[in-house]
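# Commentary on secondary and tertiary structure
Now for the letters of each chain:
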Amino acid sequence: MPSTPVNTTTDEAILLELVDEHGVTIGTEEKLAAHRAPGLLHRAFSVFLFDSRGRLLLQQRALGKYHSPGVWSNTCCGHPYPGEAPFAAAARRTHEELGVSPALLAEAGTVRYNHPDPASGLVEQEFNHLFVGLVSGTPGPDPEEVGDIAFVTAEELEKRHSADPFSAWFMTVLDAARPAIRELTGPSAGW
């Protein structure tokens, strides 16, 4: 029988699942502690949602975020609670952050990376589950989480990426998800 996800512990601490190099859960750690250098390998997810025209929904992280504030990134990213399936966490967080639920959401593999953030001194040491899908409806972002949103074509993303700050992990997760993105959007979208 599946276990019930655990959201918080004492003093509202958010726990993350620590994993080994194969993605097997080996324990838990408080969120900020897991991100302090050198970083502890933990489970994460990244979502890439596209509209009916094949444009990627980007979000600019809110300025109040403890980690990588104000930078652009993929549609949604985060961490499952201990015991929560990455797929369920991805759908939940997309709705919490953007006010929309994916019309379609599919697994797109995993990627493991280690990305230090020089600005904060924190480290993204993650075993990341990737998801691609479709969004319908108009996003209504939570201002505590999201500063701005934009739908971009592959060409527009290239220009924006060279002009604006993006999360340290963005290109890693995008490149890892590209095969599934191409399958979803078709060859003419240019992804």
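Rules behind the numbers
Residues numbered from 1 in each chain as written. Predicted model: local features only at pLDDT ≥ 70, side-chain atom pairs only at ≥ 80, totals over all residues. Heavy atoms only, no water. Pairing = 2+ DSSP bridges. Helix = DSSP H or I, 4+ residues; strand = E, 2+ residues; numbered from the N terminus. UniProt positions renumbered as here; feature names shortened; annotations may be inferred. Buried < 20%, exposed > 50% of the residue type's maximum accessible area, 1.4 Å probe, protein only. Contact = heavy atoms within 4.5 Å. Polar contact = N/O pair within 3.5 Å; in protein donor to acceptor, adjacent residues only side chain to side chain.

### Description of the pairing of strand β2 (residues 25–30)
A regular strand carries its side chains on alternate faces of the sheet. The pairing of strand β1 (residues 15–19) with β2 spans five bridges and is antiparallel. The residue bridging L15 from the neighbouring strand is E30, located in β2.

### Focus on the UniProt feature "binding site: Mg(2+)" (unreviewed entry) in the chain
Per the UniProt record, "binding site: Mg(2+)" (unreviewed entry) is annotated on E97. Mapped onto the secondary structure, E97 falls in helix α2 (residues 86–98). A residue is classified by how much of its surface remains accessible, and E97, at 3% relative accessible area, is buried. Setting aside chain neighbours within four positions, we find E97 in contact with Q59, K65, C76, C77, P141, D142, E145 and V146.

### A short note on the UniProt feature "active site" (unreviewed entry) in the chain
UniProt's entry tags C77 and E126 with the feature "active site" (unreviewed entry), counted in the numbering of this structure. Taken together, the annotated residues stretch across 50 residues yet fold into one region, lying no more than 11.5 Å apart by C-alpha. Mapped onto the elements of the fold, C77 is located in strand β6 (residues 76–78). Residue C77 is classed as buried on the basis of its relative accessible area of 15%. If sequence neighbours within four positions are ignored, C77 has contacts with F45, S46, R61, E97 and W169. Among the secondary structure elements, E126 is positioned in strand β8 (residues 123–135). Relative accessible area serves as the criterion here: at 4%, E126 is assigned to the buried category. Ignoring anything within four residues of it in the chain, the contact list for E126 reads H35, L41, H42, A44, H79, V111, R112 and Y113. Within the structure, the side chain of E126 is placed 2.9 Å from the side chain of H79, a separation counted as a polar contact.

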